[in-house]
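Each chain is listed here by its residues.
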Amino acid sequence: MKRKRMNRTMIQEIWDSNTIEEIHRPEKNIFRWTKGSGSEFLLERYVALDLETTGLSPDWDDIIEIGLIKVEGGRVVDSLHSLVRPEKKLPLKIKELTGIDEEMLAGAPRFEQLEESVLSFVEGENILGHCIGFDMGFLERALGKPLPNSRYDTLELARTLMPTASSHSLPDLCARLGFAASFHRAMDDARAVIFLYDKLAEYLRQLDGNVLAYLPAFLERAGSPWSEVISGLSGVSRGLNVFEQHFSPGGEEGREFYRRSGVKGYVDPEEVRNILSGAGMLAGGMPSFETRHGQIQMSVEVARTFNEERFLLVEAGTGTGKSLAYLVPALLWAAGGGPRVVIATKTINLQDQLWYRDIPMVKECLGIDVKTALAKGRSNYLCMRKWAASLSEGRWTGPEALFLARILVWANETSSGDKIEVNLGFQEEEMWINICADSYSCMGSGCRYYPGRCFVARAKREAESSGVIVTNHALLFSDIKTGNMVLPAFGPLVIDEAHHLEDAATEQLGKHVSRGDMRRWLNRSGRLVSKSWETAPPSDQDIWMNCLVGVREETGRLRSTADQFFAAAGSFVLRGKGSAEGDHHSYRIRSEDISGDGSGLPWGELSNLIFRTRTVLEGLRKITELLSGWAAEDESWSEKAKDYVQAVSLGEEMLDCLEFVYGYSDQSFVYWISVSGQGEWRHVSLNASPVRVGELLYDRLFSCAGPVVMTSATLTTNGSFDFFAERVGIDRVAAIKVAKSTIESPFEYEKQALLCLVNSLPLQGPEAGRKYLLETGAALEELVMELGGRTLVLFTSHRVLREVYGYLKSSLEEKGISVLGHNIDGNRSRLVEDFIRLKKSVLMGTASFWEGIDIPGESLSSVIMVKLPFPSPSAPVIEARIEDLNALGRSSFGDYYLPMAVIRFKQGFGRLIRTERDRGVVVVLDRRLAEKGYGRKFLGSLPLKSHFRGDLSAVRNKISEWLAGVAGNLNQ
Ligand code: SF4
């Protein structure tokens, strides 16, 4: 096809400024790197490129806008901009994101008409962009040929130079750097790229000289063109040993230990009451503080629990402000010299809220100076010794080199060494394992970094000298598992998000080994052996070499045996042998699988795997022995020995799990195989979990604990704590020691919310498969239209979610409502951001969306539960617990299965009203809620006592009427 050359007059020249200074520096004279003044431009000439497209795939999607800005010597010299008429339909999400609509595109040229102009504009130029691979992919696809231009990615440079930025998206980086502008239009984004690039150049200049000297080597290894550019900067020389110069071990830091032995604590309940009252100190320090009677009640109960060394189970309805209700007494207790308090949460979100917001605020308002610490597992911290060893290795892969470049910059500026500061990607998390601290390889006080530069030692000292420690459930269980080796001794324990305690204990007190664990261990062992190859031993040369050769060969054999076993186990489960939810499959191993013939379980492969794991471990132990022997003569061998100790310990943990499952001898455990993901990312693991964690928790924690407060917004079912108490072993504690309290939510649910039960839809099941999906999809469409979007739809099955999503996506989007599906349009946090940003949207989620979603205001004005959230009865742990209760002659449905669903249901309901100003509707499509006797248990557990029930059309009318009433009240 003959392509017309685009006339310059057809190109929309919207660039109305001439210099970079004018874009983002009104004062015009800040461009620091001016040639001839002793500094320089990183790139003398370049073209900043940005495209807007109909989607993410260059193969399926089209360009809808192109923006190019040419810069030379720091000045804008030319620009090219045009909208582009696509072949493909413009998705609603893109229209909302960019503001570009069909009308704007109707008169725009096709890409073919722009092709020659674009080519001549970029000819011979360096191309700069944010995530440049994306834009170049589209451009080259549209041009039908690769472009020879050098391309530079500001995303790659920003990730390296700004490792602690929480997001590296262009808008977020620009906002962080003070560039207030519009985004998601091609020219706006191209301008932003120029701004960002300029700022990154400043960052680069401010880097420590030694770090700057080391950086090009990493970037070169990663194949990044920035390597050349940075090397070319004046004053940057290569070959300095940055590590030794910059990260040399420091001196001993001051130590201050928290005094607790022999001290009995006390906190005055009346003082706590006063502080939280309207005239109290919190009100004085917090302008938005409101007196909440439930909060005062809870804080007084917590104070009494501490003083009397008792147990308190407290359900605090949404809006109680429970974190302040336990923080105030905890901090006062610690300020008075009482034994250290540990607060454990399940989620990072709550941990962050306590650590970054609530604790500093309470301390400031109360004017108390209690030392507090955030306790995390060792693996969260950079191990300086391993980091030094990684730097000297030099055999990094491209992704590893990029990762190490980021860590290089970060390690130079961090004072905590906590990986949370670095925004690590999924692959980087895997690499982090090679440089993070671990208990096996740590040399403790024998390490040269220990006195002043060890982040773990520093964190430990912080915890030991603190009166209040914030941690998570997992670390609490690590402490229990290791015989209290993880946390310093403590007195009162507060467990928030306690409804997760049984799951956390099941996970942490069980055993698991996966294909990924095995691979990581083998990779690490392989690297150690390769490194040892170059080591000249002081004696036993032949034995040393034989050991290395032996381990190398056996490692290779074990790798293929492990692959065979996990592949066979995965195929066995995927042949439909077990239960499935979405792409997560599991198979419970039963005794007949082990003893009987022909079950198909790859038990022979497992036996081989155990044999080969033992052989590799034997070889690693021999090497460790040799190194330890030499270390007795010469200290320098002990670091190498420690690395092998870690490899041996990790291998022993895995072997222990493999043998435990193979032996199948402990009947208090349930054994199973789980499979998730696909292809290369398929995750297969072998698991064993305790069936009854209540006994374990009582024996290992509660029987010897000091005061314990357990709280959550959802601990009771139908007003009773019995289910929770039994599941976590509190029922074993003498009743006289345990207080139970329910704090009503301060929200006026009867006014703020409407609950509707639809009783006309078919039930999900094999016999109503297609009919169920069609009717559910149609009902959702009607309800969402009535509600005007802003709806969270909660599913219990990912398969159903996908089917309904497919049914609704295009029809709702045609009506102007965006549809966002979990794991279809992005991960949870991305979807929540989009949901808030898009004014009319529907968010569809499964398990993790039933709790933890906190969207106050109009963005979330309705919640629809498609099905009652009963757990899958064939999931191995659930099934084993049901059988366990049945064997005891109890009702597994009434005592276990139903209460679990009720707690989940309460969590789902709790997504709706987050503040006293929120108004909204909850609709349940599962007719069993209206028809079954157990429906009363669900309804009786909610803070809203009234509801409306009817068929779909009656419910629609009711919603319409209720919304009109709300609108009327708001207008009054
Ligand atoms: S003391 Fe342990 S954690 Fe700290 S740097 Fe040394 S080996 Fe790493």
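This text gives an overview of the structure that appears in the document. This is a predicted model, so every value here is computed, not measured.

**A few points about empty space enclosed by the protein**
Counted according to the given criterion, the structure contains three cavities of 30 Å³ or more. Volume-wise, the largest cavity comes out at about 220 Å³. If you trace the largest cavity, you find 17 residues lining it, with S390, E393, N434, R524 and R527 closest to the centre. Those elements that place two or more of their residues in the lining of the largest cavity are helix 17 (384–393), helix 18 (398–413) and helix 23 (515–533). Take the lining of the largest cavity: its biggest share by element is five residues, from helix 17. One number sums up the size of the second largest cavity: a volume of about 130 Å³. Along the walls of the second largest cavity sit 15 residues, with C383, C442, M443, C447 and C454 positioned nearest its centre. When grouped by side-chain class, the residues that make up the lining of the second largest cavity number ten nonpolar, two polar and three charged.

**Section: unusual backbone geometry**
In terms of backbone geometry, most residues other than glycine have negative phi values and most peptide bonds are trans. In this structure, N718 takes a positive phi of about 50° despite not being glycine. Inspection of the secondary structure assignment puts N718 in the loop between strand 16 (708–712) and helix 29 (722–728).

**Quick notes on the pattern of salt bridges**
Throughout the structure, instances matching the rule amount to 63 salt bridges. E502 serves as the salt-bridge partner of R727, at 2.8 Å between the closest nitrogen and oxygen. With R727 in helix 29 and E502 in helix 22 (residues 501–508), this residue pair connects regions lying 225 residues apart in the sequence. Across this residue pair, the class does not change: R727 and E502 are buried. We classify E502 as buried; its relative accessible area is 9%. Salt bridges here are not isolated pairs; linked through shared partners, they connect R45, K70, E72 and E125.

**So, the sheet that holds strand 20 (residues 818–821)**
Judged by pairing direction, the sheet is parallel, and its seven strands sit side by side in the order 20-21-19-22-23-18-24 without closing on themselves. The open sheet has two free edges, formed respectively by strand 20 and strand 24 (948–950), since each of these has just one partner strand. Each strand axis lies, on average, 15° off the axis of its neighbour in the sheet, ignoring direction. Looking at chain direction, strand 20 and strand 21 (residues 841–845) are connected through four bridges and run parallel. Following the sheet pairing, G821 is matched in strand 21 by M844.

**Notes on the side chain of R881**
Here R881 lies in helix 34 (residues 876–887). Residue R881 is classed as buried on the basis of its relative accessible area, which comes to 3%.

**Section: the nonpolar core**
By size, the foremost hydrophobic cluster in this structure holds 73 residues, and its most contacted members are L215, W226, L382 and W387. No other element matches the eleven residues that helix 8 (residues 186–206) contributes to this core. Apart from residues lying up to four places away in sequence, W226 is in contact with L43, L128, Y152, D153, T154, E156, L157, Y197 and L219.

**Re the packing of helix 23 against helix 27 (residues 638–663)**
It is at 10 Å that the axes of helix 23 and helix 27 come closest, and there the two elements cross at 150°. Accordingly, the angle class assigned to the pair helix 23 and helix 27 is roughly antiparallel. Helix 23 and helix 27 meet at a crossing whose hand is left-handed. Only D643, Y644, Q646, A647, L650, G651, M654 and L658 of helix 27 make contact with helix 23, whose side of the interface consists of D517, M518, W521, R524, S525, L528, V529 and S532. Looking at the contact of helix 23 with helix 27 residue by residue, the class counts come to nine nonpolar, four polar and three charged.

**Considering the site of the ligand**
Every residue close to the ligand is listed here: C383, M384, R385, A437, C442, M443, G444, C447, Y449, Y450, C454 and V456. Because more than half of its atoms lie within 2 Å of the grid, the ligand is assigned to the second largest cavity. Taken together, the residues of the shell around the ligand sort by class into ten nonpolar, one polar and one charged.

What counts and what doesn't
- Residues numbered from 1 in each chain as written.
- Predicted model: local features only at pLDDT ≥ 70, side-chain atom pairs only at ≥ 80, totals over all residues.
- Heavy atoms only, no water.
- 1 Å grid on protein atoms, 1.4 Å probe; cavity = no way out; pocket = protein on both sides within 12 Å on 5 of 7 lines; lining within 4 Å.
- Points joined across faces, edges and corners; volume = space filled by probe spheres on them.
- Helix = DSSP H or I, 4+ residues; strand = E, 2+ residues; numbered from the N terminus.
- Nonpolar A, V, L, I, M, F, W, Y, C, P; charged D, E, K, R; others polar.
- Salt bridge = Lys/Arg side-chain N within 4 Å of Asp/Glu carboxyl O.
- Buried < 20%, exposed > 50% of the residue type's maximum accessible area, 1.4 Å probe, protein only.
- Pairing = 2+ DSSP bridges.
- Axes fitted to C-alpha atoms, helices over the stretch in contact; angles between N-to-C directions.
- Core = buried A, V, L, I, M, F, W, Y, C linked by side-chain atoms within 4.5 Å.
- Contact = heavy atoms within 4.5 Å.
- Parallel < 35°, antiparallel > 145°, perpendicular 65-115°, else oblique.
- Left-handed = near helix turned anticlockwise from the far one by under 90°.
- Near = heavy atom within 4 Å.
- Sits in = over half its atoms within 2 Å of the grid points.

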